[in-house]
Amino acid sequence: MSVSTPQHRPGPAAGAAVLRGASMLVEALKREGVEVIFGYPGGAVLTVYDALYDAGIPHILTRHEQGAIHAAEGYARVSGKPGVVIATSGPGATNLVTGLADAMMDSLPLVVITGQVATDLIGTDAFQETSTLGITMPITKHNYQVRDVAELPMTIKEAFHIASTGRPGPVLIDLPKDITNAMGLFDYDRPVHIPGYQPTIVPNRLQIRKIVAAIKQAKRPVILAGAGVLHAGAHEWLRKFVERVRIPVVHTLLGLGGFPASHPLFLGMGGMHGTYAANMAMYEADLLINIGARFDDRLTGNLAHFARQAKVAHIDIDPAEIGKNVETDIPVVGDAGEALKMLLEEDATPGDYADWVEYLLNLKREFPLWYVPDGKTLKPQRLIEMIHQMTAGDAIIVTDVGQHQMWAAQFYPFEKPRRFVTSGGLGTMGFGLPAAIGAQIAARDSRVFAVLGDGGFQMTLQELIVLTEYQLPVKVVIVNNTALGMVRQWQELFYSERYSQSLMPVQPDYLKLAEAYHMKGLLATTEEEAERALREALATPGPVLVDCRVTPDELVYPMVAPGKGIHEMVGVKP
Amino acid sequence: MNRILSVIVNNRMGVLNRITGLFLKRGINIQSITVGPTETEGLSRMTIVLNVDSERTTEQVIKQLHKQIDVLKVFDITEQATVTRELVLIRVAVTPQTRAEVTGLIEPFRASIIDVGRESLTIQATGRTEKIDALIALLRPYGIKELARTGITALTRDSDTVNEVARLNKANVVVL
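Residues numbered from 1 in each chain as written. Chains lettered and ligands numbered in written order. Predicted model: local features only at pLDDT ≥ 70, side-chain atom pairs only at ≥ 80, totals over all residues. Heavy atoms only, no water.

- As recorded in an unreviewed UniProt entry, chain B goes by the name Acetolactate synthase small subunit, listed as coming from Alicyclobacillus cellulosilyticus.
- Turning to chain B, the UniProt annotation filed under Sequence similarities (unreviewed entry) states: "Belongs to the acetolactate synthase small subunit family."
- On record in UniProt, under Catalytic activity (unreviewed entry), the comment for chain B is "2 pyruvate + H(+) = (2S)-2-acetolactate + CO2". (UniProt positions renumbered as here; feature names shortened; annotations may be inferred.)

- As recorded in an unreviewed UniProt entry, chain A goes by the name Acetolactate synthase, listed as coming from Alicyclobacillus cellulosilyticus.
- Per UniProt, chain A has the following entry under Sequence similarities (unreviewed entry): "Belongs to the TPP enzyme family."

The structure is reproduced here in C-alpha cells:
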C-alpha cells in the first residue's frame, strides 16, 4: 500500500515559502493560534526543539510526558481549544499512551506530535523506535505518520481540524526525524478536504419535531445533559430550553457546569454516586431526553432497570453513541447547541407534568447529599464545602480519581461551564496535578484547586516543580485518608473488609515535599485547621500544598452497588 | 449469524490495522477478509465476513467503521442481491487409478487443474462459498494435502437487473 497522508494535493498557493520540516511545524502551530505547548524533548525531536528555541510559543516543560499530555487535557477542558503536546519517539511516545486513552474517552481535543526515528531506520528496531502508529491507533481519533515533508503542512492542518470538530478527540502525528530536517514548500492556505470525515452538525428537523411532540405528551419527562453540552458551548441554550419546557435536569459527571447547580430545576448528578432524585427521575421517567451524554455504565447502572418506561430521545454528535447502550426511540445526530436552538425554534412547550416536577423537587429536598460531622475529624465532604464557600463557587476544580473526585462532584456545585476538570471515562489516577497545570494556564486569572487523593497525587507528584517554575498559583489540596479510598470502600462493602493492598499508612512528609519543591506546605487535621490552612493558601500568591488529613474510613454515599439498578441506591439518608 | 460488509477505504498504510483493531476491541472474530483495489485510484474495497451475535452488534460495528477517517463507505450487503465469489486452491492426492476419477469429479464445478504432479493434482475453483464447501467435501476422501481459500469478495447486483427481476417475479412471469 502507498504510504502516508493528506487527501488533497493540488498545486501550491502563491506566496508559499520553502521551509525545513521543523519550521513548518512551528509555523503551522502559529497559524493555528497555539498559545502554549506541553512537551518534553528527546533525540527524535531535537530539530523540532531547535525550531522552537526562538519561535516565541510558550512551552511548558513537564517532568514526565504523561504530565505533559494530562496538562494539555486540562488546558483543552478549560479553554475548549486543542491542547498541543510534543514528545520524542519510543519511551516519549509510550509515556503518552494513558493520556491519549483518557482524552479519547472524554472527547478532549489534542494534537500530539511524536518524534520518530528517521524513515530509513523505521522497522529496524532502531534506538528509541516503537510503532507509535500501531500502539496509538485504538486510542486516537486519528493518527498520521508523515513520510514526505511536502505532506507535513496539510497533515497538521487536518489534525487540528479533526481534533476540534465533530466529537473532539486526540489526533497524533508521528514525525520521523529526517522529515523534520527536510526542506519543502510550506503551503497552509489550502482548505481541508477529508471525504471520510464529514460530521453532522445540524440535526434533522423532523427528529427535533418528534422530541417536541414527545414533550407535549409526556407525563414524566427528564433531561440528561452530558459533556456534549459543554463541548458545543450550549449551556445558555440548555438553560433557555429548560426554562421554556420546565423539565428537570440531571447531569453526568463530565456534564457538571453545563446547567447551573443552583437552578431550581437541577436535580444533581446521576449515576453510581449521584443524587437519589436524579436517579429516580431517570428510573421513573416516561421521556428521557439525553443531550450529549453517552449512557456510560457508571451513569446507567444495570441497564435492565434504566429508564425502562421511558421513550428515549438521544442527541449526540457521534452517531455511534446512539443505540450503543440504551435503545433509542428518537435518535438525533448533531451538535447539542444546534439541536437546542432548533428545539426552541420549533416552539417546544411544556406538557402536563407539573405534578411530576413537584414530586422530583420534593425528592431533591427530602434526600439531599449528606454526611455526618463527628466533631473531631476533618470530614472530606466538609473540606470540599469549605473550598466552595471560600471561592464563592467560582474556582476551577481539578480532581484526580477516586473518593475525593466523587465528593468534589457532589459538594462543589458548579454554576458555570468549564470549571470542573476530571478524568471520567478512563478514570486515570495521576491525572489531577498535571491537569491542574494546564487548567491554570488556560485560565491565568482563575482560582485553580487541584483536589487530589494521596494515592493519585503520588503517581505524578514530580509535576509540582512545574507550578514553581512557571509560577502557577495552583492550590494543591491532598484529601489524605492514607488509603486508596475507593478501592478500600469496595473492599469494605463487597470483599468482607479484606483491605488487600489499599492502605498506605506510611506517607511521605508532604510539608517537606512542598519545601523541597519551593512552595508553601500546610497541614490540616481538623476542620478549624483546614479552614485556617485554606485561608492562608488563598492569601498566598504562589502555589501552595495543603495536606488535609481527613476521616480515614469515610465512604462515598449514596451509592448504586455494581450490578444494581439506579433505583436501588443505598445510603440515601444518614 | 454471518454478516457480509463491503467497505470502501483509502488505500493507505495502516488502514487494515485500523479496521481489524476495531473488531479486536469489540471481541468480534473475522471469518474472512479480502482487500483489493477498486475502480477508483487510491481506494480499496474490503469484503469482511463477520460472525456476530446480534443486529445491534452489526449496527455498532458499521457505525464504528464509519467513524474511521480512512473509511469512505460501509455497506451491509448480507440481505442484498449480490454476487459473491471465493477462490480455492486444493492440492489433492491422486494415484494412477484415481486421477481420472478426480478429473471427472471436478468437472461439474467448472474447476480446473492448474498443476499436475506424480502423486497430486492442484485444483482451482471459484464460486459461492457453498459450492467451494461441496467441492472440498467431495475431494476430502482422496486426501487433501494442502488447501488455500481466499474468503469471499462481493459486489451488489446491478440495481436495474435487480428491479427487473423483482418486477418479473411479482408479475409471475418467471420463477427463479
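Alright, that's what it looks like, and here's the rest.
**With respect to the domain arrangement of chain B**
All names here are of chain B.
Then comes step 1: The domain architecture assigned to chain B consists of domain 1 (2-76) and domain 2 (83-154).
Then comes step 2: For domain 1 versus domain 2, the separation of C-alpha centres amounts to 29 Å.
Then comes step 3: The interface is formed by eight residues belonging to domain 1 together with five residues belonging to domain 2.
Then comes step 4: The tally of links from domain 1 across to domain 2 stands at zero salt bridges.
Then comes step 5: For the pair domain 1 and domain 2, the number of links is two residue pairs in polar contact (both at pLDDT 80 or more).
Then comes step 6: Mapped by element, the contributors of at least two residues to the side of domain 1 that touches domain 2 are strand E1 (2-10), strand E2 (30-37) and strand E3 (43-51).
Then comes step 7: For the side of domain 1 that touches domain 2, the residue count by class is three nonpolar, four polar and one charged. (Domains from an automatic or database assignment. Contact = heavy atoms within 4.5 Å. Salt bridge = Lys/Arg side-chain N within 4 Å of Asp/Glu carboxyl O. Polar contact = N/O pair within 3.5 Å; in protein donor to acceptor, adjacent residues only side chain to side chain. Helix = DSSP H or I, 4+ residues; strand = E, 2+ residues; numbered from the N terminus. Nonpolar A, V, L, I, M, F, W, Y, C, P; charged D, E, K, R; others polar.)

**Things to note about the layout of surface pockets**
Then comes step 1: If you add up the space inside the second largest pocket, you get close to 1200 Å³.
Then comes step 2: Lining the second largest pocket are 44 residues, and of these Met-104 and Asp-318 of chain A together with Gln-64, Lys-67 and Gln-68 of chain B sit closest to its centre.
Then comes step 3: Within the residue set of the lining of the second largest pocket, elements represented by two or more residues are helix H5 (97-105) of chain A together with helix H1 (15-25), helix H2 (55-67) and strand E4 (71-76) of chain B.
Then comes step 4: Here the lining of the second largest pocket takes six residues from H1 of chain B, the largest share from any one element. (1 Å grid on protein atoms, 1.4 Å probe; cavity = no way out; pocket = protein on both sides within 12 Å on 5 of 7 lines; lining within 4 Å. Points joined across faces, edges and corners; volume = space filled by probe spheres on them.)

**Concerning the pattern of salt bridges**
Residue and element names in this part refer to chain A.
Then comes step 1: The tally for this structure, following the rule as stated, stands at 40 salt bridges over all chains.
Then comes step 2: Between Arg-209 and Glu-346 there is a salt bridge, and its shortest N-O distance comes to 3.0 Å. Highlighted residues: Arg-209 in helix H9 (residues 205-217) and Glu-346 in the loop between helix H14 (336-345) and helix H15 (354-366), separated in sequence by 137 residues.
Then comes step 3: Between Glu-321 and Lys-324 there is a salt bridge, and its shortest N-O distance comes to 3.1 Å.

**Structural notes on the interface of chain B and chain A**
Where interface size is given, it is often the accessible area lost as the parts come together that is meant.
Then comes step 1: Each partner contributes residues to the interface: chain B has 20 residues there, and chain A has 30 residues.
Then comes step 2: The junction of chain B with chain A conceals about 2000 Å² of combined surface from both sides, 51% of it contributed by carbon and sulfur atoms.
Then comes step 3: Taken as a group, Arg-12, Met-13 and Ile-69 of chain B account for 38% of the area that chain B buries against chain A, more than any other trio of residues on that side.
Then comes step 4: On the surface where chain B and chain A come into contact, there are two salt bridges. (Buried area = accessible area lost by both parts, 1.4 Å probe.)

**Points about the pairing of strand E19 (residues 520-524) of chain A**
All names here are of chain A.
Then comes step 1: With five bridges joining them, E19 and strand E20 (residues 544-549) adopt parallel strand pairing. The residue of E20 that forms the bridge with Leu-523 is Asp-547.
Then comes step 2: Viewed along the sheet, the connection from E19 through helix H23 (residues 527-539) into E20 turns out right-handed. (Pairing = 2+ DSSP bridges. Right-handed = clockwise from strand over helix to strand, strands pointing away.)

**Brief notes about the pairing of strand E7 (residues 120-127) of chain B**
All names here are of chain B.
Then comes step 1: Burial analysis of E7 places six of its eight residues in the buried class, the great majority of the element.
Then comes step 2: Here eight bridges tie strand E5 (residues 82-93) to E7, and the two strands are oriented antiparallel to one another. Note on E7: the bridge partner recorded for Glu-86 is Gly-127.
Then comes step 3: Relative to E7, strand E6 (residues 112-116) is paired through four bridges, and the arrangement is antiparallel. Bridge pairing links Val-116 to Leu-121 in E7.
Then comes step 4: Counting the residues in the hairpin turn of E6 and E7 gives three residues. (Buried < 20%, exposed > 50% of the residue type's maximum accessible area, 1.4 Å probe, protein only.)

**Considerations on the UniProt feature "domain: Thiamine pyrophosphate enzyme N-terminal TPP-binding" (unreviewed entry) in chain A**
Then comes step 1: Look at the UniProt record and you will see "domain: Thiamine pyrophosphate enzyme N-terminal TPP-binding" (unreviewed entry) annotated at residues 20-130 of chain A.
Then comes step 2: Split by type, residues 20-130 of chain A is 41% helix and 17% strand. Its first and last C-alpha atoms lie 24 Å apart.

**Quick notes on the UniProt feature "domain: Thiamine pyrophosphate enzyme central" (unreviewed entry) in chain A**
Then comes step 1: Under the UniProt annotation, "domain: Thiamine pyrophosphate enzyme central" (unreviewed entry) lies at residues 208-343 of chain A.
Then comes step 2: Measuring from the first to the last C-alpha atom of residues 208-343 of chain A gives 6 Å, for a span that is 35% helix and 20% strand.

**Description of the packing of helix H12 (residues 276-284) of chain A against H15 of chain A**
All names here are of chain A.
Then comes step 1: Viewed as axis vectors pointing N to C, H12 and H15 meet at an angle of 150 degrees, and their least axial separation amounts to 8 Å. Relative to H15, H12 is oriented so that their crossing is right-handed. Between H12 and H15, the residues in contact are Tyr-276, Ala-277, Met-280, Ala-281 and Glu-284 and Trp-356, Tyr-359, Leu-360, Leu-363 and Lys-364, respectively.
Then comes step 2: Grouping the constituent residues of the contact of H12 with H15 by class yields eight nonpolar, no polar and two charged. (Axes fitted to C-alpha atoms, helices over the stretch in contact; angles between N-to-C directions. Left-handed = near helix turned anticlockwise from the far one by under 90°.)

**Concerning the nonpolar core**
Residue and element names in this part refer to chain A.
Then comes step 1: Counting residues in each nonpolar core, the largest one holds 102 residues, and the members touching the most others are Ile-215 and Ile-397.
Then comes step 2: Ile-397 has contacts with Ile-387, Ala-408, Tyr-412, Phe-414, Arg-419, Phe-420, Val-421, Phe-449 and Val-451, leaving out every residue within four places of it along the chain.
Then comes step 3: Within the second largest apolar cluster, 51 residues are counted, among which are Ile-139, Leu-433, Val-466 and Ile-478. (Core = buried A, V, L, I, M, F, W, Y, C linked by side-chain atoms within 4.5 Å.)

**Structural notes on H23 of chain A**
Residue and element names in this part refer to chain A.
Then comes step 1: For H23, which comprises 13 residues, the first-to-last C-alpha distance of 18 Å matches the rise-based estimate of 18 Å (1.5 Å per residue) to within 8%.
Then comes step 2: All of the buried residues along H23 are Ala-530, Ala-533, Leu-534, Ala-537 and Leu-538. Angular distribution of buried residues about the axis of H23 spans 130 degrees; they occupy a single face of the element. Of the exposed residues in H23, the ones pointing more than 90 degrees away from its buried face are Glu-528, Arg-532 and Ala-539. (Expected span 1.5 Å × (residues − 1). Arc of directions from axis to C-beta.)

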